[in-house]
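Chains, contacts and geometry: an overview
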Amino acid sequence: MHQAMRSGFDSLSLMKPVPYRAGLATTTSQLGNFRVSCLSRMKNCSSHALSFPEDRNKHLQFVCYAKEKKHMKEDLVKLVDGLEQDASSGNEPLYQQEVRETGLRNTRRTKLVCTIGPACCSPVQLEMMADGGMNVARLNMCHGTKEWHAQVIENLRKLNAEKGYDITIMMDTEGSEVHMGDLSGETFKIEDGDRWIFTVRKFEGTLPAQTFHVNYEGFAEDVIIGDELVVDGGMVRFEVIEKIGPDVHCKCIDPGLLLPRANLTFWRAGKVIREGSSMLPTLSSKDWLDIDFGIEKKVDFIAISFVRTAEVVKHLKTYVAARSPQRTIGVIAKIESRESLKDLENIIRVSDGVVVGRSDLGAQIPLEQVPSVQQEVVHLCRQLNKAVIVASQLVESMIEYPTPTRAEVADVSELVREQVDALMLSGESAMGHFPGKALGVLRTVSLRMERWCREESVEKPRQLKQLANTLPSQISEEICNAATFMANKLQAEAIFVYTKGGDMPSLLSRNRPDCPIFAFTDSRDFRKILNMRWGVIPITLRFSEYTEENLENASTLLKKQGLMKAGDLIVAVSDLPPNHSNMLQSIQIRRVP
């Protein structure tokens, strides 16, 4: 489209109106190239007309005359800049739908993460999940080939570009878990008393009957007769009854469904055995290859499985920054092993966010301790201003059934009441029979519980510790605290925050205000990072040096998308750098013009 526009301008010929769909198939770089091409030809321009449909059914016409070069140049810049701003706002369909259904103040704050698998990987299925409220797509590198993951990433990019969504992509490393083979992609129903062989031997072709492969070479040496093998956090349990060389013969004592590449933990006399995973590195050679793949494919987050220390997180962040200096890739730590609890606060401090992997964690600590550990992680993340995602078995029954159990709904409701940043579907979306319905349950429960908490004032403001250790950051933190208080007191429709990559959006989210937070940024990469934060609606906006113009541009954009209307009360803050000094460190109370 823009090539035709450029060539037409260069030849100084009169063009027919060119279709333009704001925010869909047009990219910022294309518009930037178009602007440069247009302006470079100004001095030779005699007469030219460009037409664009506005709001998909109206046309704007701009006529250039050589004798008015100065005004022509200014007007053309404004026209193209306006198109650029519309073309990159992102996520309009999802938020427009929620505003129509619930009103702005009742839009969903809890973000939803969906693991992509065979049940939801096609373009049509991904669009269905996006329509259903998916904010983040998770790619689990424990399953699938790189070619398969590359195709999913391509489908997601295409969905974002063509449909106006802004789905964030998170890649999850396999980590240091001891796990079984891929079972040729099949699942097995294991019955009580069934006998199976677990072996480290590698077979060419099909495995012998009743045999599973284990990826840990020292497996047979570590276990003894009488030990228990806990599969996938307790989905199935086996007892070791015999050892013959590299083969460990086991009997099922707790029946269940066995999935491909399920993880294994070893228990002896009621305690987990550490020899297995402690002999494996946190990041294996396969993980480093997967990380390189993720950087190449420009994923937005990389999650490290089975983190044990903060040093591993810092090492990966340094590596990612060196390999991808031009764009931000967040690093997420997964808390799913007993070792991670020993260095928990330090791990959270150096990470960009945390996943609470309740299933794997529950296989390494007593089950009754999982709720208290989960609550501790959620509390620490809130205090340290880090995003927290709770995962595993949220609506596990929906892998096979179209409705969740009431206990699962109560579990999800409690997580929403605790105001976690995000909820994550695993097997429910990746391989379940009802991925769309499982996502719908999370969305519906989140909306209803959030609204109930606001109406009943269930969640009292928490006493948050001061994070800042310098005066400028302390001022920003206090401004966010005050802006949240004012927005709640005045019942504002929204908080506006203008940022180039600072902490203000996350500090506002940390306060959990009663209204949504519109975070305007000129960085597409930073917008994807903000997509993980509770209550934050990130939108790309080309900044001006003037406060009034930024407020006007943001208000115009949101009104055009149907997200706000004239007269709505807003609280506006900014952490723009010094060249935007008239907006720095300020709070404004405005009504949308």
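Preceding this paragraph is the structure being described.
As a starting point, this report considers the structure included with it. (Residues numbered from 1 in each chain as written. Predicted model: local features only at pLDDT ≥ 70, side-chain atom pairs only at ≥ 80, totals over all residues. Heavy atoms only, no water.)

Some words on the sheet that holds strand β25 (residues 587-591)
Which entries qualify depends on this criterion: Strands are labelled as partners when DSSP assigns at least two bridges between them. Put simply, DSSP H or I for four residues or longer makes a helix, DSSP E for two residues or longer makes a strand, and each gets a number counted from the N terminus. Fitting a line to C-alpha atoms yields each axis, with helices limited to the stretch in contact; the angle taken between N-to-C directions then spans 0 to 180 degrees. Should any heavy atoms of two residues lie within 4.5 Å, those residues are considered in contact.
Spatially, β23-β22-β21-β24-β25 is the arrangement adopted by the five strands of the open sheet, whose pairing is mixed. What marks the edges here is a single partner per strand, and that holds for β23 (536-540) and β25. Each strand axis lies, on average, 25 degrees off the axis of its neighbour in the sheet, ignoring direction. In terms of strand pairing, strand β21 (residues 494-499) meets strand β24 (residues 569-574) through five bridges, oriented parallel. Residue pairing across strands places F496 opposite A572, the latter belonging to β24. On top of the sheet, helix α18 (residues 471-490) reaches β21, β24 and β25; it is set at about 25 degrees to β25, its chief contact. In the packing of helix α21 (residues 547-560) onto the sheet, contacts are made with β21, β22 (517-521), β23, β24 and β25, and the angle to β21 comes to roughly 125 degrees.

Points about the packing of helix α9 (residues 285-296) against helix α10 (residues 310-323)
Heads up, the rule is: Angles below 35 degrees are treated as roughly parallel, those above 145 as roughly antiparallel, those between 65 and 115 as roughly perpendicular, and all remaining angles as oblique. The hand of a helix crossing depends on one turn: near helix anticlockwise from the far one by less than a right angle means left-handed, and clockwise means right-handed.
Where α9 meets α10, the axes come as close as 11 Å, and the angle between the chain directions of the two elements is 40 degrees. Taken as axis vectors, α9 and α10 run oblique relative to one another. Between α9 and α10 lies a crossing of right-handed hand. Across the interface between the two elements, W288, I291, D292 and I295 from α9 touch H315, L316, Y319, V320 and R323 from α10.

Remarks on the pairing of strand β12 (residues 247-254)
Relative to β12, strand β8 (residues 195-199) runs antiparallel, the two being bridged by five bridges. Residue F198 lies in a different strand from β12, and its bridge partner there is V248. Sheet topology note: the strand β11 (residues 236-244)/β12 ladder contains seven bridges and is antiparallel. Paired with E242 across the two strands is H249, which belongs to β12. Between β11 and β12, which pair antiparallel and follow one another directly, the connecting turn spans two residues, one of which, G245, has a positive phi of 60 degrees.

Details of the side chain of T265
Residue placement: T265 occurs in strand β14 (residues 263-268). When sequence neighbours within four positions are dropped, the list of residues in contact with T265 reads E228, L229, V230, V272, A363 and Q364.

In short, the description is geometric, and any link to function would need to be established separately.
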